[in-house]
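# Residue-level structure breakdown
Chain by chain, the residues run as shown.
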Amino acid sequence: MSLGLRNIIKPYPSPIITGRGIDLDFPMLAGCLALLGLGLVMITSASSEVAAVQSGNTLYMMIRHLVYLLLGLGACIVTMMIPIATWQRLGWLMLIGAFGLLIMVILPGIGREVNGSMRWIGFGAFNVQPSEIAKVFVVIYLAGYLVRRQKEVRESWMGFFKPFIVLLPMAGLLLMEPDFGATVVMMGAAAAMLFLGGVGLFRFTLMVVLAVAAVTILVQAQPYRMARLITFTDPWSDQFGSGYQLTQALIAFGRGEWLGVGLGNSVQKQFYLPEAHTDFVFSVLAEELGVVGSLCTVALFVFVCVRGMYIGLWAEKAKQYFAAYVAYGLSFLWIGQFLINIGVNVGLLPTKGLTLPFLSYGGSSLVICCACLGLLLRIEWESRTHLGSEEMEFSESDFAEEPTHGR
C-alpha cells in the first residue's frame, strides 16, 4: 500500500491496516467467501444457456457477475476502513438518502421497469436497486434510534411507535414499485431489532398481530398476489400458468436426488425454469449438486448468519450498543432473504422475486451483501480491540502487540 494512502487513513486504523497486518474475523470471512465462490460457479452454470441466446457468449452473465463481485469486494474493504462511530453520526443523512432513492425509482424517466416492476435506476449498462441500499440504511438509522431512545423504547408506547413514522412511509414507497419481498424483509428486521432493543412482550405481540393483518390485507389487495398464494399450495393445478415457476423448480429438486446430475448438467436451466440464475439459482444448485450440496449450502448460510448474530452479541458485551444493533439488523436482513428465497424454491412460500444473498445474480444485492460483510468485520474488530468509542484517539502504536483473539 502506498505511503500516501496510509497517511490518509492512518487516523482510523482498520482490520486490514494495523501494526500486525490483517486482523480479521477469518471464520466469518471464510464462510462468506465460500458462498461468493459457490455463487460464481452456479451463476456460470445456470446462466450459460440464457447468455448464449441473449448475447452469443455463454460466459456473458458470468463476466458481469465477476465484475459485480470485484466491486463488492472493493465495497467490503471500504466499509472496513470506516469507523462505526462515523456510520452512527451519518444515520439521519442515510435515512434521507434512502427516501430520496426510493422516490427517484418510481419517477417516470428515472426508474427502469423490468417485468412490470419499477425497482431499478439505470446507469448505462448497469442497474442499481435502491431497495437493497435502503434496507441497510434503515438498519443503521434504527440502531442509532435504539441507542438514543433506549429507555423510551423500553418503557413507553411513544418510544415504540416513533420508528414506524419512518418505517411505514418507506414500506409504502417499496410497495409502489412494487417490491413486496423487500418490504417484508425490511419490516421483519426492524421488528427483530426493536425486540432485541427491549420492547416489552405485549407491545411486540401487538406489533406482530398488526403486521400479520397488514400482510393479509396487502395480499388480498392485488389479484396476482392472491393468485400466487392460492397456487403455491397446489402448483400442479395450474402447472403451465401461475404455478409454472414452482413446478419447474420442484422438478429440478426431484432430478437432483442425493448427489445431483453433475455440475453444468442441469436440464431445467435450459429455458424450462424462468430466472434460473437469479431468484431460482438454488433450484439449479439442487439439481446439479443434489441434496448433499443443497444441505451444505444451507449449512454455510446458517453459519454466516449465526456468526453475524454472535458478532452483535460480542459488541453488546463490549457495551458498543449501536454496533451490536447494526450487526443484529444486518444478520436479520440476510436471514429474511435466505428464508424467503429458499422457501420459495422448495414450495413452502408463494413465489416472490427475492435474491439469495451472495449466490444470486444481481449487482446491487451482491455489492450490498459484501458491504454488509465489511461492516460486520469492522464491528467484530472494534468490539474485540475495545476501540469502538467515538472519542477514542487512534494511532498505529495501539496495535503494536498481538492480542489474544479469544474467539
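Residues numbered from 1 in each chain as written. Predicted model: local features only at pLDDT ≥ 70, side-chain atom pairs only at ≥ 80, totals over all residues. Heavy atoms only, no water.

Counting its regular elements, the chain contains 16 helices and three strands. Looking at the chain as a whole, 50% of its 407 residues qualify as buried. (Helix = DSSP H or I, 4+ residues; strand = E, 2+ residues; numbered from the N terminus. Buried < 20%, exposed > 50% of the residue type's maximum accessible area, 1.4 Å probe, protein only.)

As a further point, take the pairing of strand 2 (residues 117-123). Along strand 2, five of the seven residues are buried, which leaves the element largely enclosed by surrounding structure. In the sheet, strand 1 (residues 111-114) pairs with strand 2 via four bridges, with the strands oriented antiparallel. Residue pairing for strand 2: G111 is matched across the bridge by I121. As judged from the three bridges shared by strand 2 and strand 3 (residues 126-128), these two strands associate in the antiparallel manner. Residue pairing for strand 3: I121 is matched across the bridge by V128. (Pairing = 2+ DSSP bridges.)

Along the chain, H277 falls in the loop between helix 13 (244-256) and helix 14 (281-317). On the basis of relative accessible area, H277 is assigned to the buried category, the value being 9%.

Let's shift gears to helix 9 (residues 157-176). Here helix 9 spans 29 Å end to end across 20 residues, near enough to the 28 Å set by a 1.5 Å rise per residue. The largest bend in helix 9 amounts to roughly 30° and is located at I165, with the proline P169 lying one to four residues further along. (Expected span 1.5 Å × (residues − 1). Bend = angle between axes of the 7 residues up to and from the residue.)

Spatially, three strands are ordered 1-2-3 in an open sheet, and the strand pairing comes out antiparallel. In the strand order of this sheet, the two ends are held by strand 1 and strand 3, each with one partner. In this sheet, neighbouring strand axes are inclined to one another by 55° on average, regardless of whether the strands run parallel or antiparallel. (Axes fitted to C-alpha atoms, helices over the stretch in contact; angles between N-to-C directions.)

By themselves, these are just geometric observations and shouldn't be taken as functional.
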